[in-house]
Every structure is written in C-alpha cells, then in structure tokens.
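# Commentary on secondary and tertiary structure
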Amino acid sequence: MNTYTAEYWIDKLQLIKHPEGGYYKETYRASETITLHDERRRNTSTAIYYLLSGNDKSHFHKISSDEIWVYHHGEPIEIVVLEKDGTISTKVLGKNLHEGEDLQIVIPANTWFGAKLKNANGYSLVSCIVAPGFDFKDFVLADRGELVQQFPNCKAVIEKFTR
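Let us look at the structure shown here. These numbers come from a predicted model, not from an experiment.

Definitions and cut-offs
- Residues numbered from 1 in each chain as written.
- Predicted model: local features only at pLDDT ≥ 70, side-chain atom pairs only at ≥ 80, totals over all residues.
- Heavy atoms only, no water.
- Helix = DSSP H or I, 4+ residues; strand = E, 2+ residues; numbered from the N terminus.
- Polar contact = N/O pair within 3.5 Å; in protein donor to acceptor, adjacent residues only side chain to side chain.
- Contact = heavy atoms within 4.5 Å.
- Phe/Tyr/Trp six-rings, centres within 6.5 Å; stacked < 30°, edge-to-face > 60°.
- Buried < 20%, exposed > 50% of the residue type's maximum accessible area, 1.4 Å probe, protein only.
- 1 Å grid on protein atoms, 1.4 Å probe; cavity = no way out; pocket = protein on both sides within 12 Å on 5 of 7 lines; lining within 4 Å.
- Points joined across faces, edges and corners; volume = space filled by probe spheres on them.
- Nonpolar A, V, L, I, M, F, W, Y, C, P; charged D, E, K, R; others polar.

Time to look at the side chain of T111. Relative to the elements of secondary structure, T111 occurs in the loop between β10 (104–107) and β11 (112–117). Polar side-chain contacts of T111 include one of 2.9 Å to the backbone oxygen of P108. Every residue in contact with T111, bar those within four places of it in the chain, is listed here: H61, K62, V81, L82 and K84.

Here it is as structure tokens:
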C-alpha cells in the first residue's frame, strides 16, 4: 500500500510554492558559470524537485534554457507544449513506458509549456534540470491575452493553462 502523500513530500523535501503553480525546492546549482552570447552570466546547470498535486497546474511559461523533466514518484504528468508553429503537443511523463509515457522529457529553450496531472488524482514528484542554469530573470509566465492573440487557434488550451 502506498502511504506517501503530496503533504509527505512537501514536508520531507521542504518544498515551497512555485510562481507557476505546484511546489519546488532547488537542490543543485553548479558552481561553474558561463557567459552567454548576450553577455548574461549563468550557472552551467541547476536542478529542482517539483511537485504537482490534484488540480494544480504548471501554468504556461517559458525559460531561455533547455529543461529536462525527470519522473520520480506518483501519477503521470501531461506536459502540454505550444509549438512554434502554433500546434499543441502533449507528452506524458511517468513510469508506464508500455503506455507511451517517458521517464524523461526535454523542453527546448524558449518554448511555451505547462503541465498537469494526467488524471487530477494524487500527486507527482519530478525533478527539473536546466542548462544553462535557471535564473528567474529568464522566466516568463504567459499573459493569457497576448498568447491568445499570437495563437488564436489554441485559445481553449491557453485558457486552461493561464490565469
């Protein structure tokens, strides 16, 4: 019997609310830094624990680095990606490889995406690894109106993943 709950992980891992939704805790920040083409300095990589529970969502956002989501425990997560051509793709992060789920999913830099539990039951605990490393200066939370104006054919999905 599974006795773990979202509250268990939030407490044990000391997770806090994330601005995009869900809970997180930074677990790694490389000591080495690099200078990007536009002269911004970033750590070479970072990692966080990230947890979604019930109807929580990771609202549409983008960052200026690639991000790798790695499944740890709980329910499958649907990662909804707004492709540059205006189409929507959905990737499922989870342990059921025979059902088309993946243990790792890469989100390319500067890509709008959001996430939710596949069935809105329980919780899911993952890690997110970012390279070059995450910095809140590179984080953009989607504005519903602007995104709908840019991608009107995706209005219904955008409304589900924005505030």
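What follows is about the packing of aromatic side chains. Counted according to the given criterion, the structure contains nine aromatic pairs. Ring geometry for F134 versus F139: centroids 6.3 Å apart, planes at 70°, classification edge-to-face. Owing to a relative accessible area of 16%, F134 belongs among the buried residues under this scheme. Classification of F139 as buried rests on a relative accessible area of 14%. One aromatic cluster is present, built from ring pairs that chain together Y4, Y8 and W9.

Moving on to the side chain of T46. For T46, the position within the fold is in strand β5 (residues 46–53). T46 sits in the buried class, given a relative accessible area of 3%. Of the polar contacts made by the side chain of T46, one reaches the backbone nitrogen of F134; its length is 2.9 Å. Contact partners of T46, with chain neighbours within four places excluded, come to Y28, R29, C128, I129, V130, G133 and F134.

Time to look at the layout of surface pockets. Which parts of space are left empty comes out when a probe the size of a water molecule is rolled across the atoms. Roughly 240 Å³ of internal volume is contained in the largest pocket. When contributions to the lining of the largest pocket are tallied by element, the ones reaching two or more residues are β2 (23–29), β5, β7 (66–74) and β12 (123–131). Partitioned by chemical class, the residues of the lining of the largest pocket number 11 nonpolar, three polar and five charged.

Any functional reading would require information that these geometric values do not contain.
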